[in-house]
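# Overview (structure and organization)
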Amino acid sequence: PAAALCITTAGIITVLVSVGGLTRLTKSGLSMVHWSPHKLSPPRTTEEWEVEFEHYKQFPEWQQRKSMTLDDFKFIFYWEWGHRMLGRVVGGVYGAGLAAL
């Protein structure tokens, strides 16, 4: 069981690192300027997306990407959101595996 936990966790971490690399290649880093560990879902309505986009515009990354549209922002946001959710999966799998040992 311990070997399976190690192999599974290593596999998921490999995917996590790959998604992290792609997140950086798409220049998606720091698109989520407000992060709550208890919130699982991204904005849902157009109004929520617009508020999140306005928050992003307050950070230095916006200075490099002033031509970005709301749809462009959603793209980079989802990359970073997926990366963070995958990090939670790693923690959950590892924690569940340890509890089962």
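Residues numbered from 1 in each chain as written. Predicted model: local features only at pLDDT ≥ 70, side-chain atom pairs only at ≥ 80, totals over all residues. Heavy atoms only, no water.

### A few points about the layout of surface pockets
Volume-wise, the largest pocket comes out at about 160 Å³. What lines the largest pocket is M32, H34, W35, S36, K39, L40, S41, P42, P43, E52, F77 and W81. Among the residues forming the lining of the largest pocket, the class breakdown is 7 nonpolar, 3 polar and 2 charged. (1 Å grid on protein atoms, 1.4 Å probe; cavity = no way out; pocket = protein on both sides within 12 Å on 5 of 7 lines; lining within 4 Å. Points joined across faces, edges and corners; volume = space filled by probe spheres on them. Nonpolar A, V, L, I, M, F, W, Y, C, P; charged D, E, K, R; others polar.)

### What about a nonpolar patch on the surface?
Residues Y94, L98 and L101 make up a contiguous nonpolar surface patch of about 300 Å² in total accessible area. Take L101: it is sitting in the segment after α4 (70-100). (Patch = residues over 30% accessible without salt bridge, like charges linked within 9 Å, V, L, I, M, F, W, Y side chains within 5 Å. Areas by Shrake-Rupley, 256 points an atom, 1.4 Å probe, with all protein chains shown as cover. Salt bridge = Lys/Arg side-chain N within 4 Å of Asp/Glu carboxyl O. Helix = DSSP H or I, 4+ residues; strand = E, 2+ residues; numbered from the N terminus.)

### Notes on the packing of aromatic side chains
Considering all chains together, one arrives at 10 aromatic pairs under this definition. Here the aromatic rings of W49 and F77 are separated by 5.0 Å at their centres, their planes lie at 80 degrees, and the arrangement is edge-to-face. Here the residue W49 occupies a position in helix α2 (residues 46-56), and F77 occupies one in helix α4, the gap between them amounting to 28 residues. The exposure class of W49 is buried, given its relative accessible area of 3%. Considering the side-chain rings of F73 and F77, the 5.7 Å spacing of their centres and the 55 degrees angle between planes classify their relative orientation as tilted. (Phe/Tyr/Trp six-rings, centres within 6.5 Å; stacked < 30°, edge-to-face > 60°. Buried < 20%, exposed > 50% of the residue type's maximum accessible area, 1.4 Å probe, protein only.)

### As for the packing of helix α1 (residues 2-25) against α4
Helix packing geometry: the angle between the two helix axes and the distance between the axes. α4 packs onto α1 with a crossing angle of 170 degrees between their chain directions and a minimal axis gap of 9 Å. With respect to each other, α1 and α4 are oriented roughly antiparallel. Residue-level inspection shows L5, T8, T9, I12, I13, V15, L16, V19, G20, L22 and T23 of α1 in contact with α4, the latter providing W79, E80, H83, L86, G87, V90, V93, Y94, G97 and L98. Residues of the contact of α1 with α4, tallied by class, amount to 13 nonpolar, 7 polar and 1 charged. (Axes fitted to C-alpha atoms, helices over the stretch in contact; angles between N-to-C directions. Parallel < 35°, antiparallel > 145°, perpendicular 65-115°, else oblique. Contact = heavy atoms within 4.5 Å.)

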